[in-house]
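Each chain is listed here by its residues.
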Amino acid sequence: MLRVKGLILLSVLALSACEPTQPQVGPDGMPLPQVYKIRPGDADKIAYRVLDSVNSLRSARATPPLTLNAQLNAAAAAHSRDMAAQNRPWHFGSDGSSPYDRAQRAGYMGQVLGENISETYETETETLSAWMGLADTRDVILNPQARDLGFSWYQEPSGKIWWTMLTGG
């Protein structure tokens, strides 16, 4: 009985030492953003989360679903790394290449219909939401001619992420 009371006392003491963690807040009283670190095991999950989200958005518009395309993924990955190396988000590679050139180099045989890019610390879902908020990037996602999707990123050690999405048909 004494042993049971001792265990209960230790449990109570251990639990009393636990405090709920409060998020750090900035000068405006709002919680500070957390760095979104992509772990190696998350890579496939991220691409399929984006694909599922894009296809849900397309379904709501009665637009055919997209499928992930390995060649467009490779072109997107190359461009994300290149944008990070240039330290600027833009649609041209450091060698002057266009999205069409990069897709062709990666072996994509279809027609590239559009490219969305982003330099951010946000998640892929937040980035997709931001793209949907702008007409030109939303049009790339919802283009009814698109059948293929390429999606990739490069994350710097600081946590900054360079996202690239390509659509093709």
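Just so it is clear, the structure is predicted and the values come from calculations on it, not from any experiment.

1. With respect to the side chain of N116
Phase 1: By secondary structure assignment, the location of N116 is in strand β2 (residues 112–120).
Phase 2: One polar contact links the side chain of N116 to the main-chain carbonyl oxygen of T137, over a distance of 3.1 Å.
Phase 3: Apart from the residues within four sequence positions on either side, N116 is in contact with W131, T137, V140, I141, W163, T164 and M165.

2. Observations concerning unusual backbone geometry
Leave glycine aside and you will find that most residues have negative phi; peptide bonds, for their part, are mostly trans.
Phase 1: Positive phi, close to 55 degrees, is recorded for A62, a residue that is not glycine.
Phase 2: With respect to the helices and strands, A62 occurs in the loop between α2 (43–60) and β1 (67–68).

3. Observations regarding the pattern of salt bridges
Phase 1: Taken as a whole and judged by the stated rule, the model has five salt bridges.
Phase 2: With a closest N to O distance of 3.6 Å, D42 and R39 form a salt bridge.

4. Quick look at the packing of aromatic side chains
Phase 1: Counted by the stated rule, this structure contains four aromatic pairs.
Phase 2: Ring geometry for W90 and F92: centres 5.8 Å apart, planes at 65 degrees, overall edge-to-face.
Phase 3: An aromatic cluster of at least three residues, connected via ring pairs, comprises F151, W153 and W163.
Phase 4: The ring of W90 carries R88 above its face, with NZ or CZ at 3.8 Å from the centroid.

5. A look at the environment of V112
Phase 1: Along the chain, V112 falls in strand β2.
Phase 2: Along the chain, V112 and L72 lie 40 residues apart, while their C-alpha atoms are 8.8 Å from each other.
Phase 3: Beyond its immediate stretch of four places on either side in the chain, V112 contacts L72, P99, Y100, A103, L166, T167 and G168.

6. Considerations on helix α6 (residues 135–142)
Since the α-helix advances by 3.6 residues per turn, residues separated by three or four positions end up pointing in the same direction.
Phase 1: Those residues of α6 not exposed but buried are T137, V140, I141 and L142.
Phase 2: Where the residues of α6 are buried, they touch α2, β2, α5 (124–132) and β4 (161–168).

7. Thoughts on the confidence of the model for the protein chain
Phase 1: Per-chain confidence: the protein chain averages 88 in pLDDT, with 84% of residues scoring 70 or above.
Phase 2: Note on residues 12–16: pLDDT is under 50 here. Beyond four places in sequence and across chains, it has zero contacts.

8. Things to note about the sheet that holds β2
Phase 1: Ordered in space as β1-β3-β4-β2, the four strands form an open sheet in which the pairing is mixed. Strands at the two margins of the open sheet, each flanked by one partner only, are β1 and β2.
Phase 2: Across the sheet, α6 touches β2 and β4, and the angle it forms with β2 is around 130 degrees.

9. Things to note about the side chain of T120
Phase 1: Among the structural elements, T120 can be located in strand β2.
Phase 2: Within the structure, the side chain of T120 is placed 3.0 Å from the backbone nitrogen of E122, a separation counted as a polar contact.

10. Topic: the packing of α2 against α5
A pair of packed helices can be characterised by two numbers: the angle between their axes and the separation between those axes.
Phase 1: Relative orientation of the contacting elements α2 and α5 amounts to 30 degrees, with a least axis distance of 10 Å. One element, α2, and the other, α5, form an angle in the roughly parallel class. Here α2 runs over α5; the crossing is right-handed. Facing α2, whose interface residues are I46, R49, V50, S53, V54 and L57, α5 presents E124, L128 and M132.

11. Points about the pairing of strand β3 (residues 148–155)
Phase 1: With seven of eight residues buried, β3 is to be regarded as a mostly interior element.
Phase 2: Pairing geometry for β3 and β4, over eight bridges, is antiparallel. Looking across to β4, one finds that Y154 is bridged to W162.
Phase 3: Taken together, β3 and the strand that follows it, β4, pair antiparallel across an intervening segment of five residues, in which G159 is found at a positive phi of about 105 degrees.

Conventions and cut-offs
- Residues numbered from 1 in each chain as written.
- Predicted model: local features only at pLDDT ≥ 70, side-chain atom pairs only at ≥ 80, totals over all residues.
- Heavy atoms only, no water.
- Helix = DSSP H or I, 4+ residues; strand = E, 2+ residues; numbered from the N terminus.
- Polar contact = N/O pair within 3.5 Å; in protein donor to acceptor, adjacent residues only side chain to side chain.
- Contact = heavy atoms within 4.5 Å.
- Salt bridge = Lys/Arg side-chain N within 4 Å of Asp/Glu carboxyl O.
- Phe/Tyr/Trp six-rings, centres within 6.5 Å; stacked < 30°, edge-to-face > 60°.
- Lys NZ or Arg CZ within 6 Å of the ring centre and 35° of its normal.
- Buried < 20%, exposed > 50% of the residue type's maximum accessible area, 1.4 Å probe, protein only.
- pLDDT = per-residue confidence, 0-100.
- Pairing = 2+ DSSP bridges.
- Axes fitted to C-alpha atoms, helices over the stretch in contact; angles between N-to-C directions.
- Parallel < 35°, antiparallel > 145°, perpendicular 65-115°, else oblique.
- Left-handed = near helix turned anticlockwise from the far one by under 90°.

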